[in-house]
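# Commentary on secondary and tertiary structure
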Amino acid sequence: MTATTFRSGRRIVAATGLVLSLAGFVQGCAVPSSHEGAFVVRETTPIFLLSLDARDPSLAADGHGTVALIWVSGDSLAGDVWLSVSRDSGVTFSAPARVNPTAGCVVSSLEGRPAVALGGGGALAIAWSERRADSSGVIDLRLRASDDLGRTLSEPVTINDDVADPPPGLRWRELRDWPLKHRPHASHGMPALAFTHDGSLLACWLDDRRTATADSARVTTLWTSTSRDGGLSFSPNVALSDSALPLSRPMLAIAAGGTVTLAYRGTENGRHGQHVIFSVDGLAFSGDTLLPRENRPLAAHGRALTLLDGTQWVGTEVSITMDDPRATFDVIAFDPAGTAGPPAHLGANVSSSGLAAAGRLCAIACWIEHEPGHTRLRLATLTRRSRQGA
C-alpha cells in the first residue's frame, strides 16, 4: 500500500455532549494571530502550502497530537485530493501525498468536499467523490484507508453499492422498474466519516439513485454504511431519509459515551431545517428530529454544519450578501452555561473553513483565504484560556 508523492509547487444546541457548529457564507481580510481575548491563536500553516492554490479543505484531530489535513487541487470537476499529517498538534506536517491514484478524477465543491477521519491505533480514512472512468457520468463515493496514519494507503474502494447492473433473473416488470429505484447515472457525494468507539468506520453521504431524474430532485437520500475492517470493505448501504436537501453535507460526531449523532439538512411537511438522528452503535439510527427554529445554530446564509465532539466550540462564517460566497471566519468558545465568549477573528475573504477539536482546551482551524490572483490554505491552533471555563 503506497501513497502517491506530491509533485507540484449564535447559538449552540447541546446533544449528548456534542456541539453543533455552523459554517455559512461573507467578505473581509486576514488578521494576524493574537494572544489577546479568549484564545491564544498561533498560525501553523506549513510552508509548502504558501504557494499552492488549494481549496475545499477538511481536517481531523484525535486529541493526542495527531492532525490530518486534506485539500483539493485543480478545478471542481477534475481535481486531486492531498493529505498531510501532523503528529505534534500542527507544529510540523508531513510532505503532502496525493490520495486518488488516478490524477484529475476528483469531483469536489465547498459542500461536497472530501472527508477525513482519525481512529485509534493509527487508523485514518479519506473519502471523496470520483467520476467513473467510463461514459456513464456516474460519480462514485471512493475511500482509501490507512493503519499507519497515512504513510501507506489501501487500494481505493467504492462505498456506494449501486455500481452493478440489474441482477439476473428479474421479471420484465422488475426490470422495467429497476431504473426508478436504482437510477443508473446517480451522483454520490457530500461524505461524512467517523470512527466509532469499537473501531468501526461509519460513512454517511447523499445520493440520488432513488430519484427519477437529477434535474427534478428537490430532495435526495441520506445513506449510511459501516466498515468493520478499517475501510477495506463496507456493509450494504442503508437509506436513512429520502427528504435530505441536496448540496448540504451531513455531519457525524461520536460522543464520549459512544453515542453517534448524525446531523443533516432536510425537509418535513414543507419546512426546511436541521435534523438530528442518534445511534448507540452506528448501525441502527432512530429519532430523526427536526430541530425547533429557536434551537438551531444560525448564521447568515449558513449552509455547512459541523459537529464537534465533547467541546464548547463553534466556528462561523458570516455572509454579507448571497451573491458573494466569501466570508469572515470567527471561532467562539462557550462556557458550561452556554454563554458565548469573545470571538477569535481568524480570516476574511474566506470561502471555506474547518474546525476540529484537539482536546478540552485546544482546537485546530483551517480555511481558504482569497488574495489578489491567489487562494491560500491557512491553519491555526487555538488554545482556550482556562478562565473562560472548559
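Residues numbered from 1 in each chain as written. Predicted model: local features only at pLDDT ≥ 70, side-chain atom pairs only at ≥ 80, totals over all residues. Heavy atoms only, no water.

Turning to the overall build of the protein, a few remarks are in order. Tallying secondary structure elements over the protein gives one helix and 27 strands in all. Each of the 390 residues in the protein was classed as buried or not, and the buried ones make up 55%. Summed over all atoms, the accessible surface of the protein reaches about 16600 Å², with 55% contributed by carbon and sulfur. (Helix = DSSP H or I, 4+ residues; strand = E, 2+ residues; numbered from the N terminus. Buried < 20%, exposed > 50% of the residue type's maximum accessible area, 1.4 Å probe, protein only. Areas by Shrake-Rupley, 256 points an atom, 1.4 Å probe, with all protein chains shown as cover.)

Right, let's talk about the confidence of the model for the protein for a bit. Per-residue confidence for the protein averages 78 on the pLDDT scale, and 74% of its residues sit at or above 70. Predicted confidence is poor over residues 2–33, with pLDDT under 50, and the contacts of this stretch with residues over four places away or in other chains come to 141 contacts. In the predicted structure, residues 294–311 sits below a pLDDT of 50 and forms 82 contacts with residues beyond four places in sequence or in another chain. (pLDDT = per-residue confidence, 0-100. Contact = heavy atoms within 4.5 Å.)

Time to look at the side chain of His-275. Summarising the element assignment, His-275 is placed in strand 20 (residues 271–279). The contacts of His-275, once residues within four sequence positions are left out, are Leu-262, Ala-263, Tyr-264, Gly-266, Thr-267, Glu-268, Asp-288, Thr-289 and Leu-290.

Take the pairing of strand 19 (residues 260–268) next. Among the nine residues of strand 19, seven are classified as buried, and the element is accordingly described as predominantly covered. Where strand 18 (residues 251–254) lies against strand 19, four bridges are found, and the strand directions are antiparallel. In the strand pairing of strand 19, Ile-254 is matched with Val-260. Hairpin geometry of strand 18 and strand 19 is characterised by an intervening segment of five residues between the two adjacent antiparallel strands and by a positive phi of about 100° at Gly-258. Relative to strand 20, strand 19 runs antiparallel, the two sharing nine bridges. (Pairing = 2+ DSSP bridges.)

If you look at the biggest cluster of nonpolar residues, it comprises 18 residues, and the most contacted ones within it are Leu-49, Leu-59, Leu-69, Trp-71, Cys-366, Leu-377 and Leu-379. Only strand 5 (55–61), strand 6 (67–75), strand 26 (362–371) and strand 27 (374–384) provide two or more residues apiece to this core. The element that contributes the greatest number of residues to this core is strand 26, accounting for four residues. Residue contacts for Leu-59: discarding those within four places in its chain leaves Ala-68, Leu-69, Val-116, Leu-355, Ala-356, Ile-364, Ala-365 and Cys-366. Counting 17 residues, the second-largest nonpolar core is a separate cluster that includes Ala-117, Ala-123, Ala-127 and Leu-141. (Core = buried A, V, L, I, M, F, W, Y, C linked by side-chain atoms within 4.5 Å.)

Next up on the list: the packing of aromatic side chains. Counted under the stated rule, the structure contains two aromatic pairs. Pairing Phe-329 with Trp-367 gives two aromatic rings, centres 5.8 Å apart and planes at 55°, and the pair type is tilted. Note that Phe-329 is positioned in strand 24 (residues 327–333) and Trp-367 in strand 26, a separation of 38 residues in sequence. Just as Phe-329 is buried, Trp-367 falls in that class too. A cation over an aromatic ring shows up here: Arg-209 above the ring of Trp-223, its NZ or CZ 3.8 Å from the ring centre. (Phe/Tyr/Trp six-rings, centres within 6.5 Å; stacked < 30°, edge-to-face > 60°. Lys NZ or Arg CZ within 6 Å of the ring centre and 35° of its normal.)

Let us now look at the pattern of salt bridges. What the rule picks out here adds up to eleven salt bridges. The partner of Asp-140 in a salt bridge is Arg-132, with the nearest N and O atoms 2.8 Å apart. A relative accessible area of 6% means that Asp-140 is categorised as buried. Several salt bridges share partner residues, and in doing so they unite Asp-161, Asp-162, Asp-207 and Arg-209 into one network. (Salt bridge = Lys/Arg side-chain N within 4 Å of Asp/Glu carboxyl O.)

Another aspect to go through is unusual backbone geometry. A positive phi angle, close to 60°, is found at Leu-149, a residue other than glycine. With respect to the element layout, Leu-149 can be found in the loop between strand 12 (139–146) and strand 13 (157–158). Leu-149 gets classed as buried once you look at its relative accessible area, which sits at 13%. Residues other than glycine seldom take positive phi values, yet Asn-349 does so here, at roughly 55°. The topology assignment puts Asn-349 in strand 25 (residues 344–357). Residue classification places Asn-349 among the buried positions, given a relative accessible area of 14%.

Below, the discussion takes up the environment of Ala-365. Note on placement: Ala-365 falls in strand 26. Among the residues examined, Ala-365 registers a relative accessible area of 0% and is labelled buried. For Ala-365 and Leu-346, which are 19 residues apart along the polypeptide, the C-alpha to C-alpha distance reads 8.7 Å. Those residues in contact with Ala-365, other than ones at most four positions away along the chain, are Leu-59, Phe-329, Leu-346, Gly-354, Leu-355, Arg-378, Leu-379, Ala-380 and Leu-382.

Positionally, Ile-47 belongs in the loop between strand 4 (39–43) and strand 5. Classification of Ile-47 by relative accessible area gives exposed; the value is 71%. The spatial distance from the C-alpha of Ile-47 to the C-alpha of Phe-93 is 9.5 Å, given a sequence separation of 46 residues.

Note that Ser-351 resides in strand 25. The class for Ser-351 is buried, based on a relative accessible area of 18%. Among the polar contacts made by the side chain of Ser-351, one reaches the side chain of His-370 at a distance of 2.9 Å. (Polar contact = N/O pair within 3.5 Å; in protein donor to acceptor, adjacent residues only side chain to side chain.)

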